[in-house]
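# What the coordinates show
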Amino acid sequence: MLAMPVARAGVSRPLLMAGAIAGPLFVAVVLVQAYTRQGFDPAQHPLSSLALGELGWLQIANFVVCGALALAGAFGLRRALAPGRASTWGPRLLGLGGAALIVSGIFLADPINGYPVGASEVVTWHGIVHSTAPGLAGIAGLAAYVVFARRFAADRERGWVAWSIVAPIAILATDVAAFTAADFRPMVVGQLIGSLWATSIYLKLWRSAW
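Residues numbered from 1 in each chain as written. Predicted model: local features only at pLDDT ≥ 70, side-chain atom pairs only at ≥ 80, totals over all residues. Heavy atoms only, no water.

## Overview of the overall build of the protein chain
- Helix and strand content of the protein chain: six helices and zero strands.
- The N-to-C order of helical and strand elements in the protein chain reads α-α-α-α-α-α.
- For a compact globule of 210 residues, the expected C-alpha radius of gyration is about 17 Å, and the protein chain comes in at 18 Å, within 12% of that figure.
- Viewed in the frame of its principal axes, the protein chain has a C-alpha envelope of about 55 × 35 × 30 Å.
- Here the protein chain has roughly 10,600 Å² of accessible surface; of this, 71% comes from carbon and sulfur atoms.
- For the protein chain, the separation between the mean place of its 14 positive charges and that of its 8 negative charges on side chains is 23 Å. (Helix = DSSP H or I, 4+ residues; strand = E, 2+ residues; numbered from the N terminus. Rg over C-alpha atoms; globule rule 2.2 N^0.38 Å. Areas by Shrake-Rupley, 256 points an atom, 1.4 Å probe, with all protein chains shown as cover. Lys, Arg positive; Asp, Glu negative; His and termini not counted. Charge placed at Lys NZ, Arg CZ, Asp CG, Glu CD.)

Shown next as structure tokens:
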């Protein structure tokens with residue numbers, strides 16, 4: 001069973017809550033912008049494009065703030081899980097996702113599919129860096145599911161093992177659907193599923209601290 005020593009609980013609880021908030025907050029801010037930003041089509045434009053244009057600072061802030069929250073959550077996770085399975089690589093892999101968000105906020109994506117309106121669609125070095133970050137985070141995320149599934153299996157928590165298997169399968173399915181339909185919206189659904197999985201892990205440990 002996932003639990004933490006009482007001595008670490010006071011320090012870990014705020015960090016774990018930060019990690020729990022990061023994913024849902026990121027997706028919520030993305031969705032509000034995606035359906036209110038003039039000229040932005042969530043089907044034709046990736047969420048990274050929200051960082052471009054006059055109101056792009058909102059998405060840049062979303063990337064950086066939620067990335068910082070995810071990194072804080074990873075530190076809390078390290079304290080909460082140690083020692084034992086997943087205590088080393090679990091936090092590292094989830095922390096890499098937070099770092100990728102920050103990188104995505106610093107290095108902006110290139111204009112695509114006519115957004116922002118009138119912008120030249122050219123490939124830039126910062127656009128390449130931006131595109132690389134989520135790819136690496138995605139690979140780290142898939143590894144994290146395996147790491148935590150092993151921890152839950154060792155603790156004989158079958159429901160959590162199943163959740164850690166179903167979540168990545170569902171995310172991969174949304175990615176396939178997005179590429180097949182040439183529609184970015186399923187990828188946001190996948191982002192939400194991954195966020196809910198991570199949040200559930202953080203909340204599980206946060207509750208154990210009490």
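Additional details are given in the paragraphs that follow.
## With respect to helix 5 (residues 158–181)
- For helix 5, with 24 residues, the first-to-last C-alpha span of 34 Å sits near the 34 Å given by 1.5 Å per residue.
- Along helix 5, the residues classified as buried are Trp 160, Val 161, Ser 164, Ala 167, Pro 168, Ile 171, Thr 174 and Ala 178.
- Tucked inside the fold, the buried residues of helix 5 contact helix 4 (125–154) and helix 6 (185–208).
- Looking one or two residues beyond helix 5, the residue adopting positive phi is Ala 182, at roughly 55°. (Expected span 1.5 Å × (residues − 1). Buried < 20%, exposed > 50% of the residue type's maximum accessible area, 1.4 Å probe, protein only. Contact = heavy atoms within 4.5 Å.)

## Examining the environment of Phe 152
- Here Phe 152 lies in helix 4.
- Along the chain, Phe 152 and Ala 86 lie 66 residues apart, while their C-alpha atoms are 9.4 Å from each other.

## Re the pattern of salt bridges
- With the rule as written, the count across this model stands at three salt bridges.
- Across the pair Arg 151 and Asp 155 runs a salt bridge whose closest N-O atoms are separated by 3.5 Å.
- By relative accessible area, Arg 151 is classed as buried at 8%.
- In this structure, the salt-bridge partner of Asp 183 is Arg 185, at a minimum N-O distance of 2.6 Å. (Salt bridge = Lys/Arg side-chain N within 4 Å of Asp/Glu carboxyl O.)

## Comments concerning a nonpolar patch on the surface
- Taken together, the side chains of Ile 21, Leu 25 and Val 65 make up a nonpolar region of the molecular surface, amounting to roughly 220 Å² of accessible area.
- Relative to the assigned elements, Leu 25 resides in helix 1 (residues 6–34). (Patch = residues over 30% accessible without salt bridge, like charges linked within 9 Å, V, L, I, M, F, W, Y side chains within 5 Å.)

## Focus on unusual backbone geometry
- Omega for the bond connecting Tyr 115 with Pro 116 falls within 30 degrees of zero, at -5°, which places this linkage in the cis form.
- Mapped onto the elements, Pro 116 comes out in the loop between helix 3 (89–106) and helix 4.
- Look at Ala 86: it is not a glycine, yet its phi comes out positive at around 75°.
- Residue classification places Ala 86 among the buried residues on the basis of a relative accessible area of 11%.
- The backbone of Arg 156 sits at a positive phi, close to 60°, despite the residue not being glycine.
- Structurally, the position occupied by Arg 156 is in the loop between helix 4 and helix 5.
- On the basis of relative accessible area, Arg 156 is assigned to the exposed category, the value being 76%.

## Examining the packing of aromatic side chains
- Applying the stated rule across the entire model yields seven aromatic pairs.
- On the basis of an interplanar angle of 35° and a centroid distance of 6.4 Å, the ring pair of Phe 148 and Phe 152 is categorised as tilted. A residue pair is termed a helical-turn pair when its members lie 3 or 4 positions apart in one helix, as Phe 148 and Phe 152 do in helix 4 at four residues. One exposure class covers both Phe 148 and Phe 152, and it is buried.
- Owing to a relative accessible area of 0%, Phe 148 belongs among the buried residues under this scheme.
- Clustering of aromatic rings is evident, with ring pairs tying together Tyr 145, Phe 148, Phe 152, Trp 160 and Trp 197. (Phe/Tyr/Trp six-rings, centres within 6.5 Å; stacked < 30°, edge-to-face > 60°.)

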